[in-house]
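Commentary on secondary and tertiary structure
One-letter residues, chain by chain:
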Amino acid sequence: SSCPILGKQWYQRRVRGGVIHQYMGESMNAMTDFRTALEADPTYSLAYFNAANLYFNLRLFEKALRYYDEAVKNCTEDESAVLNRAIARVMLRDYVGAMEDFHTAISLNPFAAHSYFNRGNLHLTLGNNAEAEEDFRKALSLQPKDSASFTQLAVALGRQFRKDEALENYRKSIKLAEG
């Protein structure tokens, strides 16, 4: 099924207004807009997604997770909602659920470097250094000038006692970060 993103319905305009309120730092007004849209259409995944992002930014990860769950339930092919839910699960230390979501996000969009990067970070957290290395290398194949991926690749290599390769990747990271 196709997930509605933008439309002419008044409540869809409320979600756009909520995003603007959020950008302006007006969290209460943003949440009011998102909830108003959800009252009008309780299946509107974009409203859930934006409300979840607001809760996430406020570091209310359990609330964010509930809203990401609803966004994904109403739009199963929304890679961004699945990825953000994975990150919220990491913050809540639900590593099994997070790993499942990272796999799903990657299956939905295998060309998204940020999904591999985030899954690589979870692998590092879990001590899966070879898997982390593989994910950071994939992220770099998709986004070759990402200094953060070089840094994390260096960490994964260092944890595998591959000092020379780790140092080489740290140098690449520093060079890219310096411009």
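Please refer to the structure higher up on the page.
Summarised in this report is the structure supplied together with it. (Residues numbered from 1 in each chain as written. Predicted model: local features only at pLDDT ≥ 70, side-chain atom pairs only at ≥ 80, totals over all residues. Heavy atoms only, no water.)

1. Remarks on the overall build of the protein chain
- Scanning the protein chain from terminus to terminus reveals ten helices and zero strands.
- When its helices and strands are written in sequence order, the protein chain yields α-α-α-α-α-α-α-α-α-α.
- Expressed along its principal axes, the backbone C-alpha trace of the protein chain runs to roughly 60 × 35 × 30 Å.
- Burial analysis of the protein chain (179 residues in total) assigns 44% to the buried set.
- In the protein chain, of all internal contacts separated by at least 6 residues, the share reaching a separation of at least 24 is 45%.
- Accessible area for the protein chain stands at about 9,900 Å²; split by element, carbon and sulfur atoms hold 54% of it.
- Here the protein chain contributes 22 positive and 22 negative side-chain charges, whose respective centroids are spaced 3 Å apart. (Helix = DSSP H or I, 4+ residues; strand = E, 2+ residues; numbered from the N terminus. Buried < 20%, exposed > 50% of the residue type's maximum accessible area, 1.4 Å probe, protein only. Contact = heavy atoms within 4.5 Å. Areas by Shrake-Rupley, 256 points an atom, 1.4 Å probe, with all protein chains shown as cover. Lys, Arg positive; Asp, Glu negative; His and termini not counted. Charge placed at Lys NZ, Arg CZ, Asp CG, Glu CD.)

2. Looking at the pattern of salt bridges
- In the structure shown here, the tally under the stated rule is 13 salt bridges.
- For the salt bridge of R162 with E133, the shortest nitrogen-to-oxygen distance reads 2.7 Å. Here E133 lies in helix α8 (residues 129–142) and R162 lies in the loop between α9 (147–159) and α10 (163–178), a separation of 29 residues in the sequence.
- The exposure class of R162 is partly exposed, given its relative accessible area of 25%.
- Between E165 and R137 there is a salt bridge, with its nearest N and O atoms 3.6 Å apart. One end of the pair, E165, is in helix α10; the other, R137, is in helix α8, and 28 residues separate them in sequence. (Salt bridge = Lys/Arg side-chain N within 4 Å of Asp/Glu carboxyl O.)

3. Some words on the side chain of D101
- Structurally, D101 can be placed in helix α6 (residues 95–108).
- A polar contact of 2.9 Å, which involves the side chain of D101, links it to the side chain of R89.
- Excluding residues within four positions of it along the chain, D101 makes contact with V82, R85, A86 and R89. (Polar contact = N/O pair within 3.5 Å; in protein donor to acceptor, adjacent residues only side chain to side chain.)

4. Considering the packing of aromatic side chains
- Per the stated rule, a full pass over the model turns up six aromatic pairs.
- One aromatic cluster is present, built from ring pairs that chain together Y48, Y55 and Y67. (Phe/Tyr/Trp six-rings, centres within 6.5 Å; stacked < 30°, edge-to-face > 60°.)

5. Topic: helix α4 (residues 61–74)
- Taking 1.5 Å as the rise per residue, α4 with 14 residues should run 20 Å; its terminal C-alpha atoms sit 20 Å apart, in good agreement.
- Structurally, α4 contributes buried residues whose contacts are with α2 (27–40), α3 (45–57) and α5 (79–91). (Expected span 1.5 Å × (residues − 1).)

6. Some words on the packing of α6 against helix α7 (residues 113–126)
- Across the interface, α6 lies against α7 with an axial gap of 10 Å and an inter-helix angle of 155°. Considered as vectors, α6 and α7 are oriented roughly antiparallel to each other. Remark: the crossing between α6 and α7 carries left-handed chirality. Contacts between α6 and α7 involve Y95, A98, M99, F102, H103, A105 and I106 from the first element and S115, Y116, N118, R119, L122, H123, T125 and L126 from the second. (Axes fitted to C-alpha atoms, helices over the stretch in contact; angles between N-to-C directions. Parallel < 35°, antiparallel > 145°, perpendicular 65-115°, else oblique. Left-handed = near helix turned anticlockwise from the far one by under 90°.)

7. Quick look at the nonpolar core
- Counting residues in hydrophobic clusters, the biggest one holds 31 residues, and the most contacted among them are V15, F34 and Y67.
- Only α1 (10–23), α2, α3, α4, α5 and α6 provide two or more residues apiece to this core.
- In terms of residue count, the dominant contributor to this core is α3 (eight residues).
- Residues contacting F34, with those up to four places away along its chain left out, are V15, G18, V19, Q22, A47, N50, A51 and L54.
- Of all hydrophobic cores here, the second largest spans 14 residues; its members include F117, A139, F150 and A156. (Core = buried A, V, L, I, M, F, W, Y, C linked by side-chain atoms within 4.5 Å.)

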